[in-house]
Structure formats: structure tokens, C-alpha cells
Amino acid sequence: MSQPSNRDRQRRFILVDQSLQNSGGHYLEYAIRVLREAKKQGYVTVLGTNKKCDSIDNSHIDIVDNAFTLTFFENLPADTKVVPARHRAMAILCRWKERLKGALAGTTAGVAYLAARQGTPRHLAIKSLDDLRQSRLARLQATTGFALAFAQARFHRLPRLLRWPTKLGLRVLGVVMIPLGLALFLPLAAIIGAKRFFRTTSSDGKKQEQFRDDLRSFFRNINPSAGDILFVPTLGSNELLGIASFLEKTKHDDISWRFLFRRNIYTGREPQYSSQIRSATDTSEGLFQFRKTADGADARFYTDTDALSEQYRTLGVFDFTTLPIPLDESNVEDAEKGTPPLKLTYIGDARTEKGYPSLSRCVRDVSAAGYTEQQLRFVIQSNFNIPLGEPVCRIAKTELTSESADFVKLPEGPFSSAEYAALLNEANILLIPYLSENYYARSSGIFAEAVAAGIPSVTTDKSWMSQELLSANQAYYRSCLETHKVSQSIRVKDVEQLSELRIVPRGKGEYAHFIVEIDQFAGQPGHYLDIRWVSSPRKVALPNSSPPYLHQYTIDLRIQKALGLIRLPGNVDEIRLKLSFDRGDENRHEPETLPIKELTLHQLTTRNTLPLFRGSALFSRPEDFSLATIELIEHYDAYLQAAQELKKRWTEFHSCETLVNMLTETRS
């Protein structure tokens, strides 16, 4: 590799992605977008990758050096640092148990069992077992899985008097078998090696040393100098400590260091953060050690969402700034978005955390609501992220394959940049049913792309996506109050009366729209008000292509005066609503447990149905995913117009230019 020139040479923008191993995919796409903008601003661009990385030839990258041994995921800190040997033994047993359960779930018998437990029709479950017709053993395994599910269902139907002796027998058997298992396991551990088994320190130190040594080799190859920018877009505490160790022995204070942390350090939401500070010990120690060792270095710290920035600020070591997502507007084509049939598109791996298992039900519900392939079509990316895929995703894919090929298309990824751009540009609606507990603080690349492209989406409430839409939705609800006449206002000041409300709609219209206004003493981030329609019929989306009612409406309480819009039937005598507060701890809290001044419901006088949201339809319960999809379809023009308006504000911040400008700006 050629050595760069000397002092008077052009400044460099260096991007280090230790996880980059393929000459394609979203890791490389991110790097190319950033380096393309850096080159446009006059920098020489350098990319540091994993040693296993394929050859990369791109006009926007001047120098590529495959210098790093471990990926970000391989560098993650160990679960424990110093633990007694007996605790370590139990941890190993539990880990082996979970691995065994995961392995069994992926077998033919496991998939058959899960399919039967979920109520999947037997012929579809059999279809999901690709090797069933080719192997007698596979047929036997499938039969075993179905039999276990049948036996378990029958067991739970037995009278309690017959069930408890069986449970007692199983527990006695477990008490007998565990000592026998340990008697076999402990000699095996002695054979493997007492030193390894009773080890009390993790391998984190070796990971840090490896990253330090790789960084030293990388610097020898590229020879950086004063004024260069070094950007690490994904790192954790081990990489940070490796950099600190490198700076301690090899001073490079004249280089600007930029670190982007994209992994959440807490689970749940703000109310649970304080109880998890101890679990963030590795991260806080890494930040403290870096501040102590690399004092004087020009280092700045970032995340890519406001929620993540708040998490890292709680550690009180460095100030974290939210960095924009480098969106590529050149991928977006201005096309006619409303021409039927509408394309409802899911882009991403078939994974549980991305809501893939819920897509098959959505397809069935939309079809049952009367929509045909002349009106809309589903395009669902269906490649697995692991061999054979997660069992529930494998079953869902089989159910989707049973649908008409004209109604549901299942392209296999991953896609090249051009294929991805084409799939995005052809979409009319993007389906993003991600699990809110996994994406409360984490960003979603496809949601960011959707907003940048001006494409309306269906996505999860109580998530990063809904937080990004909060200000637009609140402005919309205020405008509804200002532009529509209020036929009645129901005000409740006694919070103890909020558990259940009974409403008598005014007027004779088919629909009644209410603006829910909540006045609090202060905003409460991480708290949500759930309004459930307890008197609703089982079917709230009838096959007449009319706007649906949701089973549950949700209002974000992070602002002091929070608003929400709910749609209820207007031609009924009474409506019962159940109110509860969700703090993210899996419990429903009564209204009197939160400091709320009053709640007011304003019934609006409208001739037509109003869209419930702006730009994206939101849902908070799994059964409402299909209804939110129908909501967007029925008000498509309004959602599309709002999405185009959101695009203008979104791309002002989320762009490659803004990102590079923030990384390279000088501070006094």
C-alpha cells in the first residue's frame, strides 16, 4: 500500500468501521454516503475496515485499509467481570439451557410445535417444513412437534384436580434429574480444565488490546497528521478503551476524534433508567477512563437519536450530541404516488423484532376488509437474517406464500443500492411494524428513508418513530381544534374518575371525533396514556372500505399539554372508555398515580372523517396494525400530502452534508 505524502498534504477524513466485512450492505452504504460528502468538501477519504473485508473499489474512497480484527459485536463487553466460580457455573448452565431451547425451536419438530401452538393451519405448517417430503426422520420430527402441542393443549383443558399431581410428578423428576446432571457435568468441567471453568475475569482486556494494536497498525499504514478527522460510526466501551490506551502511548492530540454510539445502554423507557445505572458500569467506566487517559484530545461524542443522547447524558461524563442520519436524496425519485394499485412495502430482513410475523395477519385482514389486487398489492422482503430464519418468521413466510402471487410478492434480499432505491421509489406505503420495546431509543434506517422520500408509513407507537412525529401530530391536533366547531366538551378534574369514562356522542353522524386534551403539571417522558374502547365490537373494520376504529388510542405525555385524536362511532347511545397509564414496566397504572391537572374531551363537528395522524399511521397494540394500515389506505391522499411536508423539514437536518459539517466544525 502506498504511503501518503507529508506535512503539507490535503486534510483527510478517516472513517473506521471495524464491522465492515462485505463489499455491499448497509454498513458500506453508510460509509460511502459519509465519505462521498467528505470528498465533496475537499477531504482525502480513508476507510478502515475489518481484516476479512472483501475488496472495495469506489470512486468516493481514496484509501482502504483492512486493519481491524474484531467486529463491533465481537467487541461487546462480557456479561460479568469478576464472579464467584459457583455463580459462573450456574450462568454456564443457564446459557446452555437457552441455547438448547433456541436450537430445538429451529428444528423441524420445534417449528411444527410453534406452528400448532400459534393456530397455523396444519397444511401451511407442513409446507413450512421444506425437508418434510424428503426425509422420514423429518416427518417423524414434525409429527412429534404436532403431538407435543396437542398434548399440551389437552393437558391445560384437564380439571385442576387432575393437573396438579402431574405437575408435582414432573417437579419431583426435575429434583432427581438435576443432581444427576450436575454429577455428570462437573467431571466434564474438570476434564475441560479447571482454570478455564473457574476463571473470574472476562476477555475484555484482550479485546481492548487487540483494538489498540489494530489502530496502531492502521495509523502506521495511513500516516495521519494534524487537522485530520477520524470518525468511528459504531463503537462500544472496549473500542473506546482501546483508543484511550493507544493515545496514552502514542500521542495524536492534533487529530480530531469523533465517536458515534448507536447502542442503547438501558432497556425500557425513562422511568426505568435510574434503576439500571449500575448495569451501565462498563460504558461509564470506559468514558471515565477515556477522559482520564486522553485528556486534551479533541474528542466529541454523538448518538443518532435524541432518546439515546439522553441515556448517555445520564452517565454524566461527556456531553452527547444527536448526529443526523446520512440520507441519500439522490436515491429518491419524484413519482406519482397515488396511482392504483397502491404498493404496501416491507423492506428489511424477516425478523421478529421488525414485526415480520405480524405481516401475514395484516394481509388477511386487509383482504377481508374488501380490498382487491386491483386496489393494492403487498411487496414484502422475505430473506432471513440467519440460516432457516427464526421459527415464527419461517411460519409467517409460509403463510404469506399461500396468498395470491398477484396480491403478495415476496422478493428475496439483501439488495444492492440500485435495487434498494428502486424498491423504495416504487412503494406507496411503507410497513414498519417494529417492536416498540426494541426501538424506543434506537433509530430505524427505513423509517428515516421513508420520511426523506415523502412516503407515508404504518409504524409503531411508543417508539423512536412516533417521537419523531410528535411535534407534527400535536400541531395537527391543535389545528383541528381551531378549524372545527366543538359540539361538546367533557372536562374531568378528579383524576380518580379517569379509570373509566362514559361518553354520549352528540349528533347523528356515523363517526364522532374527539380531541383529548391533557393538562399536566409537567411533561413526563416515557409515560403514555392508553385509551381503550372497552365497549367496542369484535370487528371494528367491516368489509365496506370505511375508515376503521382502533381498539386502543395512545397519547404521549412527554409534553405538558398533550393532545390526541380518537375516532368513535357517533350513532350509539353510550361509549365506555378505559384509561390507564403505561410507564414501560409491563404494568397498567391507574390514572391517580400520575400528576395530571385535568383531562378534557372535545367532540368536533365534522362532515367527513378526519385522518388520525400526520404522515404515518400509528398503532400500539398488535391487533391494531391491520386497522392502522386500513386507516392510511382510506386517507391516503391526506397522509401523502403530510408526508411531503414532513420531508422538507426532515431533510434539513438528516443529510450527509449536515453530518459532515457537524463532524468537521471547529469549536472555540
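Residues numbered from 1 in each chain as written. Predicted model: local features only at pLDDT ≥ 70, side-chain atom pairs only at ≥ 80, totals over all residues. Heavy atoms only, no water.

Engineer: I'd like a description of unusual backbone geometry, backed by residues and values.
Structural biologist: Negative phi characterises most residues that are not glycine, and trans characterises most peptide bonds. Of note in the backbone geometry, Asn223 takes a positive phi value of approximately 55 degrees without being a glycine. Take Asn223: it is sitting in the loop between α8 (204-222) and β4 (229-232). The phi angle at Lys462 is positive, at roughly 60 degrees, despite the residue not being glycine. The residue Lys462 is located in the loop between β12 (457-460) and α17 (464-468) in this model. With relative accessibility at 7%, the residue Lys462 sits in the buried group. (Helix = DSSP H or I, 4+ residues; strand = E, 2+ residues; numbered from the N terminus. Buried < 20%, exposed > 50% of the residue type's maximum accessible area, 1.4 Å probe, protein only.)

Engineer: Run through the sheet that holds strand β10 (residues 408-409), naming residues and quoting values.
Structural biologist: Strands sit in the order β10-β9-β8-β11-β12-β22 across an open sheet of 6 strands; the sheet is parallel. Strands at the two margins of the open sheet, each flanked by one partner only, are β10 and β22 (616-619). In this structure, β12 lies alongside β22, joined through 4 bridges in parallel fashion. Bridge assignment links Thr459 to a residue of β22, and that residue is Leu618. (Pairing = 2+ DSSP bridges.)

Engineer: Tell me what's going on with the nonpolar core, and back it up with residues and numbers.
Structural biologist: Grouped together as the largest cluster of nonpolar side chains are 97 residues, with contacts concentrated most on Phe378 and Leu577. Of all the elements, helix α16 (residues 445-453) adds the most residues to this core, at 7 residues. In contact with Phe378, not counting residues within four places along its chain, are Leu344, Cys362, Val363, Val366, Phe407, Val408, Lys409 and Leu431. Among the nonpolar cores identified, the runner-up in size contains 42 residues, and Ala67, Leu235, Phe261 and Tyr440 belong to it. (Core = buried A, V, L, I, M, F, W, Y, C linked by side-chain atoms within 4.5 Å. Contact = heavy atoms within 4.5 Å.)

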